[in-house]
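Chains, contacts and geometry: an overview
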Amino acid sequence: MTNRPRIAFQGEPGAYSHQACRDARPGYDPLPCHTFEETIEAVQRGEAGLAMLPVENSTYGRVADIHRLLPESGLHIVDEAFVRVHISLMALPGVHMDEIELVRAHLVLLPQCRGFLDQFGIRGEAAADSAGAAADIAGRQLRNVGALASDLAAETYGLNILARHIEDQDHNTTRFLIMARQPDLTRRGSDGMITTFVFRVRNIPAALYKAMGGFATNGVNMTKLESYMVDGSFSATQFYADIEGHPEDRNVQLALEELDYFTDRLDILGVYPADPRRH
């Protein structure tokens, strides 16, 4: 047991979220959790100082449920992190490529390695978790089964990497948000600031169009705008947005004031430095 602070993530040790924790917060001990809800609760209860939550992937879009959980979590975004999703084929030490008949991985990883698997005639099978698949191979000593996972998973479970970074595309990246109990409004970083907020527009004609007008007229760049249903209602829609700038910037102040006029609810989720890898 160490006295170092902890950062919670969803998944098994060796997951890409674990990789994000190690890369972005090397001074923290990672705390694996079964679900996103448990990850958030670990910070709420003080078991961890930070939470690492994936929000979107460059290939598959936004991560399900995250946008619903963030506004109600009571946590604040204090940073963002990007992880390049490199996929490696791993197996027990001493196993050779020609012994592998089946590979297991999370459902979204299998299609990303289709070219490699077809080349070697290897069957793919979906698993609940890629790092969990690696752990299962090590735990059950499966000789003819491989896992598609991160290099960190191979390191974690003592597996041998048979082929490194076998994904078909070279751009697959996941964006993570780092959450804390307290906000950090200080200006920091060298690539500007990002402000993230959620809002619900008033039930008036062209409310969204009018609400967005303030960002255009005040020269505020909106890098993300997504909508999702609230409480299963087709009529109650909430919007999630990222803008460049700090709430204390005069042009951002004016844009948010105009947005507030056309909304029933406006909550700032976080103010944090832009990661240079977002560009």
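Being a predicted model, the structure only gives us computed values, none of them experimental. Along each chain, numbering runs from 1 in the same order as the chain's sequence is written. In keeping with the predicted nature of the model, local features appear solely for residues at pLDDT of at least 70, side-chain atom pairs appear and are counted solely at 80 or more, and the whole-chain, interface and lining totals rest on all residues. In computing side-chain properties, one takes all heavy atoms of the structure into account and sets aside hydrogens as well as water.

**A few points about the packing of aromatic side chains**
Note the cut-off: Only Phe, Tyr and Trp rings are paired, with Trp represented by its six-membered ring, and only when their centres lie within 6.5 Å; those with planes under 30 degrees apart are stacked, over 60 edge-to-face, the remainder tilted. Comment: elements are numbered from the N terminus, with helices defined as DSSP H or I runs of at least four residues and strands as E runs of at least two. Here the term buried applies to any residue with accessible area under 20% of the maximum for its type, exposed to any over 50%, and partly exposed to those in between, with areas from a 1.4 Å probe on protein chains only. Look at NZ for Lys and CZ for Arg. If either is within 6 Å of the ring centre and within 35 degrees of the ring normal, a charge sits over the ring.
Enumeration over the complete set of coordinates arrives at 5 aromatic pairs. Relative to F239, the ring of F199 lies with its centre 5.2 Å away and its plane at 15°, an arrangement referred to as stacked. Here F199, found in strand β12 (residues 193–201), pairs with F239, found in strand β14 (residues 233–244); they are 40 residues apart in sequence, far enough to count as distant. Judged by relative accessible area, which is 11%, F239 ranks as buried. What links up through ring pairs into an aromatic cluster is the set F197, F199, F215 and F239. Note that R202 overlies the ring of Y261, its terminal NZ or CZ placed 5.5 Å from the centroid.

**Some words on the pattern of salt bridges**
To be explicit about the condition: A pair is scored as a salt bridge if a Lys or Arg side-chain nitrogen falls within 4 Å of a carboxyl oxygen belonging to Asp or Glu.
Enumeration over the complete set of coordinates arrives at 23 salt bridges. A salt bridge links R265 to E72, with the shortest nitrogen-to-oxygen separation between them at 3.6 Å. Of this pair, R265 sits in strand β15 (residues 263–273) while E72 sits in helix α3 (residues 66–73), and the two are 193 residues apart along the sequence. Note that R187 and D249 form a salt bridge whose closest N and O atoms lie 2.8 Å from each other. Taken as a pair, R187 in the loop between β11 (173–180) and β12 and D249 in the loop between β14 and α8 (250–261) lie far apart in primary sequence, 62 residues in all. Judged by relative accessible area, R187 falls into the partly exposed class, the value being 49%. Note on D249: relative accessible area 21%, which makes it partly exposed. One continuous salt-bridge network, built from bridges that share partners, spans E56, R62, E80, R175, K224, E226 and D242.

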